[in-house]
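Results of the structural survey
Residue strings, one per chain:
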Amino acid sequence: MSNPVLVCALRRINAFQALADVLKGLTQCGEKLRKSSSLLQVVMALTPEVTFRQAVLFFTEMDFVTEVTATFSLYGPRTRAPLTKSLCFFSSAAERQRCHVESLFFLQAGAHTLCTVLLIKPGAWSRSLARILQKLDLEKFTVVGMKHINLEPDIALGLLSSEVKQDPAVVEAHCTYLTSGTALVLCLQRPNAVKKLVDLLGPEDPKLAQALDPFLWRAQYGVSMVQNGFYSSTSYQIAVRDMKLFFPEGLCCTECQTLEAEEV
């Protein structure tokens, strides 16, 4: 605790593997370096999931240049615990407004297979389930969890964005609709699952989605801001929360490093 540490943001394609190779080279020179009292201890995270979660402990969005992918390595004294960071990629102001943190999984070579949650709201799934499942298959999603659920008011409230919660009347309209019938919850798996699903659904307002692209799912199945067809996890952290909330009994997918790390 008496000595400072340095956190570096490093950008390049396949940054994790490239940095690991560099650090391996430094390790091979370790015998010579050990003779020096100024030997630095260098650590890095092995997966983007871990680095993303830890990045928010050290940085805010304003600390980074937009449209940059970064892997963060922390250099410190021997007694310091390993800490390495990575942060998000923003392609536009609209992306930043939608969610202030978004994973960089989709930018990596050899992207990790992730899970996300799709909730098809009351009414929408009963009319269009076959077509929605066909679309998911075409987009390379694998269904690893599925259940019908009648949402409790507190769970429905937890699915609403912070912007929606600012208006009590809008909150009541959303919660009334979400608890009005049976919803269908799917846990979906594929590389870059979270962002891919968010991009397919489009904006929460079906009219805006229609204006942007009539093939966006909310443009096709949504009726209004309240009855917009779908809820999905908007970030990796929220996806983990949603999986634990809706599928506490576990999933039928093959165990992977991501799920093991999150104890899902």
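Counting restarts for each chain: residues are numbered from 1 in the order of the written sequence. A pLDDT threshold of at least 70 governs which residues receive local features in this predicted model, and a stricter bar of 80 or more applies before side-chain atom pairs are shown or counted, although totals over entire chains, interfaces and linings include all residues. Working from all heavy atoms in the structure, the side-chain values ignore hydrogens and water.

If you look the chain up in an unreviewed UniProt entry, it shows as Thioredoxin domain-containing protein 3 from Buceros rhinoceros silvestris. UniProt positions are given in the numbering used here, feature names are shortened, and annotations may be inferred rather than shown by experiment. Recorded in UniProt for the chain, the comment headed Sequence similarities (unreviewed entry) runs: "Belongs to the NDK family."

**Digging into helix α8 (residues 193-201)**
Since one α-helical turn is 3.6 residues long, residues separated by three or four positions face the same way. Burial within α8 is extensive, with seven of its nine residues counted as buried. Those residues of α8 that fall on the buried side of the exposure criterion are A193, V194, K195, L197, V198, L200 and L201. Counting from the N terminus, the helices are the DSSP runs of H or I reaching at least four residues and the strands are the DSSP runs of E reaching at least two. Just downstream of α8, G202 is the residue with a positive phi angle, here 85 degrees. Only protein chains enter the accessibility calculation, which uses a 1.4 Å probe. A residue is then buried if its area is under 20% of the maximum for its type, exposed if over 50%, and partly exposed in between.

**Concerning the nonpolar core**
Among soluble globular proteins, nonpolar side chains are generally buried collectively. Only buried residues count toward a nonpolar core, which is a set of Ala, Val, Leu, Ile, Met, Phe, Trp, Tyr and Cys residues joined through side-chain atoms within 4.5 Å. Counting 41 residues, the largest nonpolar core has L118, L119, I120, L136, W217, F230 and F246 as its most contacted members. Note on contacts: a residue pair qualifies if any of its non-hydrogen atoms lie within 4.5 Å across the two residues. Sequence-distant contacts of F246, defined by excluding residues within four places in its chain, comprise V117, L119, K147, I149, L151, I155, L159 and V185.

**Structural notes on the pairing of strand β6 (residues 183-191)**
Of all nine residues that make up β6, eight are buried, and the element is covered over most of its length. Bridge count between strand β4 (residues 113-120) and β6: eight bridges; the pairing is antiparallel. Paired with C115 across the two strands is Q189, which belongs to β6. Sheet topology places strand β5 (residues 142-149) next to β6; seven bridges connect them, and they run antiparallel. A pair of strands counts as paired when DSSP detects no fewer than two bridges linking them.

**Considerations on unusual backbone geometry**
A positive phi angle, close to 70 degrees, is found at K140, a residue other than glycine. For K140, the position within the fold is in the loop between α5 (124-138) and β5. Relative accessible area serves as the criterion here: at 64%, K140 is assigned to the exposed category. Notably, N192 is not glycine yet its phi reads approximately 55 degrees, a positive angle. In this fold, N192 is placed in the loop between β6 and α8.

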